[in-house]
Amino acid sequence: MLSTSRRLTRRQALASAGVGLSAVLAGCVGGGESDGLSTGILDPEQYGSGFAGREPPGGTSMADLPALSGTLDVYSGRGEALVRRVMDAIRSLYPDLTLRVSYGSSSDMVNKILGEGDNSPADVFYSVNAGSLGALAAEGRARELPSELLSVVDEEFQDPEGRWVGTSGRARAIAFNTDRLAAADVPTDIFEFPDRPAFRDEMAWTPSYGSFQAFVTAMRLRQGRPPTERWLRGMLDSGVQAYPDEFALVQAVADGEVALGFANHYYIQRVLDGRQGAPLATAFTQGDAGAVFNVAGAAVTDTSAVPETAANFVRHLLSAEAQEYFAVSTYEYPMIGGVSPVGELPGVDELAPPADIDLSRLSDLGPTIELLREVGAL
Amino acid sequence: MATRTGILDGTEWSEDVPLGLLLLAAAIAAVLLSPLLWVVSSALDASDWVGLATAPRTLSVLVNSGLLVGAVTSMSMLVGVPAAYLTVRTDLPARRAFTILLALPLVIPSYIGAFAFLSAFGPRGLLQAALEPVGIETLPSIYGLAGTTVVLTLYTYPYVYITSRASLLSMDARLVDAARTLSHSRWAAFRRITWPQIRPAVAAGALLVALYTLSDFGTPAVMRFDVFTRIIFVEYNDILGGGRDLASLLSLQLIAVTVVILAVESRVRGSGVRTARSAPGMTVELGRWRWPAVLACLLVVSLALLLPLAILGVWYLNGSASASLDFRLGYVLNSVTIAGVAALLCGVLALPIAYLSSQTAHPAAWIVERASYVGYAVPGVVMGLALVFFGARYGGVFYRQGLILLPLLVFAYVVRFLPQAIGSSRAAFLGVSGSLEEAARTLGHSPGQAFRRVTLPLVLPGIVGGAALVFLTTMKELPATLLLRPPGFTTLVSYIWTVQQAGYYAQAALPAVLLLVVSAGSMLVILASEQYDIGWGRR
């Protein structure tokens, strides 16, 4: 796979960038069309351990996308620990590209772009949630994306006006302990949880955690405040246990401290990956706030001097390799049809998220926090 | 008796304010205040700013902040002054060790300290887990005013401790011995002799505590108490809901509160009572208070220092790690370099302001000195956004290319932390008798020469101590660093933040320990410089 030639073709450069890639992966993926996988995005050890049997990803390989060159400034609200491999892979693929990435919180990055005004260096804003993307677009600072980029992703997961596009997703889920519950015992209606006598003192939540607050926000936006308040009070009356974050919560479910808890789906995968054979499984509610699906995504700023390069960069985040990386490395839901989520997770089309939710409003946490305080959950 | 000799000689010739010096100091203060123009103008741009400013929520934030500042400042004095007294004046066992240990909590960033406190005493924390077997299922909540006060006190009392120590070391303690022979009780001697002498130093330390409390984000965020910084942060995040308006208004209110605190401290501080010379007095024997005193010191050290270290150990052993983000030693170099530059700049820029305000009580000098403190209370995120605004507006292509981000970041540090250097340098200048410089003048030296050859060597330890304090605080600064660091520039704290955000606690432990070790080094510099502080030439 390594080329000794001094003048590498792009495809060869791509292959050689994956020096660390294990033979397992190379063997199972084979050559031909899919050798674009060898960009070194994927952690070979991890890939070797749990995901060796995965189908080669579909979708367009980075090798088949237009080349990137010049200088590109990305403001990333996604953590460096999660996305640096993707950035490094793109860098190693294009020697003519200077990719400058600034990391911070998503809302800091939006505030920074707004404060910088016309002189913002940012070409791409890469956000952890739809809310910050919606905010940037609402302030008139996001540019309409080309239709060939938008067409890659389902309409549900992009701005109706085409100013941002989802690049990976996460579903709200129920983590449950399989020693304590059968899948059939887990309600498919979020409103049934407080009323089940069997769940008394057996449920867990994370009232101070952003993702949980976004879920309550979804409930508030869909059902209104009174039913949401009733649900919260019902949960408290049934002795729900509070945890500081959802990773800790899922660990507690796996330990059997509680029978079930509410969490983003990828925490369950993360715990399962660390503790193989743990009595832990994932369930989803149907068509309500309990199954809200939010996306990380990207926008191109209105002040970018190189909007085509910027949009092409976003397209690279939706390439086969990047999507496969999000699926197996950060356990997120891929946004393109050719890549499936990890483990036993249902495909994104099998989920039943609520249809009537504007994702960009889920970051309106203020009234939710007030409500959580009022009922005594915070 | 303790009389107003010595320094009063200095105020004689200060009637005519050196105009050049005043202009220089005023220019520095004006540059420091300039980022705040953005806060003022965006607050006034806010729609319905009168309504927002008087809304019940805004008022409750104001009250909460006032309560917190009052509580933390009082508690810090209650811990800091006795700790200083015990380590300077008494036969406390292991005094040298305690001297250092009691100063070290200052090196721990509040966001690590508060997490440690929560892991130990929070719901489902270590203490609760330990008590579960005996049937205690829930602990009283540590969230809110009480918990926030405790945590902030534990990590800020060293400001009072350090300034009080320096003052106790430099006072003429033989006066206390004299009072004791005149059958004053120990308490009466402290109240009548010691306290009046150390009061300005305690007030200076308390001021740093009060302003730090206003500006700190990490602790109220973790301990869930709605003060200015926390709500400003929440509102900046609520971009769609128009929160930026409220955030600017709250920032402006915070600055107003700061101005009030600065005025109040100036009155409380007074000029104090100064002795002409410093001399060590007899060591106070603790007697049967010996062990209770040791226990009290141990308690503070355990909570403020050992607990966070233990939690870092737990992170290291139990946390998970990510393969994609290895720690590099270059990050330490980045942190040390940028903090070093900030410290050096602060040491130099503090000189004119500190010297001026030590030499004259002129209102203009007073305003300049007080004005330079305002930036200290401004939360890092507000300072960062203000400089982003000015940098982008006036930096042109240099800003776009990221070339002026590092200078902007250093500037942010200087604006925020210069007061620490001013406080220490001013105390040092106050300790030098004006008559020394006058003597040099009569021997034919120009004012500049007299300053360079007589005063400067005497005050240098104080200036170095102040710069070291700036270094230490800069090392742990997070919010402005995150906003202004150039792409690819990683520091110790930005790395810790990155891995902690992703939940890889094991990877945060080692850099956090490195941060503490490097900062502890500068704390030793601070403690070493105090030994020679005010009046070293005369001991």
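Residues numbered from 1 in each chain as written. Chains lettered and ligands numbered in written order. Predicted model: local features only at pLDDT ≥ 70, side-chain atom pairs only at ≥ 80, totals over all residues.

A. Representation of the interface of chain B and chain A within the structure. Each side of the interface is counted separately: chain B has 33 residues, and chain A has 32 residues. Listed by contribution, the elements that provide at least two residues to the side of chain B that touches chain A are helix H13 (228–237), helix H18 (380–400), helix H22 (479–484) and helix H23 (492–501) of chain B. Looking at the side of chain B that touches chain A, its residues break down into 18 nonpolar, 11 polar and four charged. (Contact = placed C-beta atoms within 7 Å. Helix = DSSP H or I, 4+ residues; strand = E, 2+ residues; numbered from the N terminus. Nonpolar A, V, L, I, M, F, W, Y, C, P; charged D, E, K, R; others polar.)

B. Looking closely at the domain arrangement of chain B. Residue and element names in this part refer to chain B. The domain architecture assigned to chain B consists of domain 1 (47–317) and domain 2 (328–428 + 457–539). Between the C-alpha centres of domain 1 and domain 2 there is a distance of 20 Å. Elements that contribute at least two residues to the side of domain 1 that touches domain 2 include exactly helix H6 (95–101), helix H7 (110–121), helix H9 (145–170), helix H11 (186–215), H13, helix H14 (243–269) and helix H15 (290–318). Take the side of domain 1 that touches domain 2: its biggest share by element is seven residues, from H14. Taken together, the residues of the side of domain 1 that touches domain 2 break down into 28 nonpolar, eight polar and two charged. (Domains from an automatic or database assignment.)

C. Expanded view of the packing of helix H5 (residues 56–89) of chain B against H11 of chain B. Residues and elements named next belong to chain B. Between H5 and H11, the least distance of the axes is 9 Å, while the angle of their chain directions is 140 degrees. As the angle between them shows, H5 and H11 are arranged oblique. For H5 against H11, the interelement crossing comes out right-handed. Two secondary-structure elements touch here, H5 through Ser65, Leu68, Val69, Val72, Thr73, Ser76, Met77, Gly80 and Val81 and H11 through Val202, Gly205, Ala206, Val209, Ala210, Thr213 and Leu214. Tallied by class, the residues present in the contact of H5 with H11 amount to 10 nonpolar, six polar and no charged. (Axes fitted to C-alpha atoms, helices over the stretch in contact; angles between N-to-C directions. Parallel < 35°, antiparallel > 145°, perpendicular 65-115°, else oblique. Left-handed = near helix turned anticlockwise from the far one by under 90°.)

D. Representation of the pairing of strand S9 (residues 293–300) of chain A within the structure. Residue and element names in this part refer to chain A. Most of S9 is tucked away: eight of the eight residues are buried. Residues Phe293, Val295, Gly297 and Ala299 of S9 are buried on one face, and the alternating residues Asn294, Ala296, Ala298 and Val300, pointing to the opposite face, are buried as well. Judged from the four bridges that link them, strand S3 (residues 124–127) and S9 form a sheet pairing that is antiparallel. Residue Ser127 lies in a different strand from S9, and its bridge partner there is Gly297. Relative to S9, strand S4 (residues 165–177) is paired through six bridges, and the arrangement is antiparallel. By the bridge assignment for S9, Arg170 is matched with Asn294. (Buried ≥ 20, exposed ≤ 12 C-beta atoms within 10 Å, placed from the backbone. Pairing = 2+ DSSP bridges.)

E. Inspection of H23 of chain B at higher detail. All names here are of chain B. Across the 10 residues that make up H23, a large majority, nine, are buried. Within H23, the full set of buried residues consists of Leu492, Val493, Ser494, Tyr495, Ile496, Trp497, Thr498, Val499 and Gln500. Directly after H23, the chain includes Gly503, whose backbone phi takes a positive value near 85 degrees.

F. How the structure looks around the environment of Pro105 of chain B. Residue and element names in this part refer to chain B. Considering the arrangement of structural elements, one finds Pro105 in the loop between H6 and H7. Looking at Pro105, the number of C-beta atoms within 10 Å reads 24, which means it is buried. Taking the C-alpha atoms as reference points, Pro105 and Leu169, separated by 64 residues in sequence, lie 21 Å from one another. Ignoring anything within four residues of it in the chain, the contact list for Pro105 reads Leu154, Tyr155, Pro158, Ala304 and Leu305.

G. How the structure looks around unusual backbone geometry. Even without being glycine, Asp201 of chain A reaches a positive phi, approximately 60 degrees. Relative to the helices and strands, Asp201 of chain A is located in the loop between S4 and strand S5 (203–205).

H. Representation of the packing of helix H8 (residues 210–223) of chain A against helix H14 (residues 366–375) of chain A within the structure. Residues and elements named next belong to chain A. Relative to each other, H8 and H14 sit at 95 degrees, their axes nearing to 9 Å. Between H8 and H14, the angle falls in the class roughly perpendicular. Judged by residue contacts, Gln213, Val216, Thr217 and Arg220 of H8 engage Pro367, Thr368, Ile369, Leu371 and Leu372 from H14. Looking at the contact of H8 with H14, its residues break down into five nonpolar, three polar and one charged.

I. Representation of the environment of Arg143 of chain A within the structure. Residue and element names in this part refer to chain A. Looking at the secondary structure, you find Arg143 in the loop between helix H6 (130–138) and helix H7 (147–150). The class of Arg143 is buried, set by 20 C-beta atoms lying within 10 Å. In the structure, Arg143 is positioned 60 residues away from Val83 in sequence and 23 Å away in space, judged by C-alpha atoms. Leave out the neighbours within four places in its chain, and Arg143 touches Arg163, Val300, Thr301, Asp302, Ser304 and Pro307.

J. Representation of the confidence of the model for chain B within the structure. Residues and elements named next belong to chain B. For chain B, per-residue confidence averages 85 on the pLDDT scale, and residues scoring 70 or more make up 92% of the total. By mean pLDDT, the top-scoring element of chain B is helix H16 (residues 330–359) (95), and the lowest-scoring one is helix H1 (residues 7–12) (41). Here residues 532–539 is a poorly scored stretch, pLDDT under 50, and it has 23 contacts once near neighbours within four places are set aside; other chains count. In the predicted complex, the global pTM is 0.86; the interface-specific ipTM is 0.86. (pLDDT = per-residue confidence, 0-100.)

K. Broad picture of the environment of Thr153 of chain B. Residue and element names in this part refer to chain B. Along the chain, Thr153 falls in helix H9. Taking the C-alpha atoms as reference, Thr153 lies 9.0 Å from Thr213; in sequence the two are 60 residues apart. Look past the residues within four positions of Thr153 in its chain and what remains in contact with it is Val72, Met75, Ser76 and Val79.

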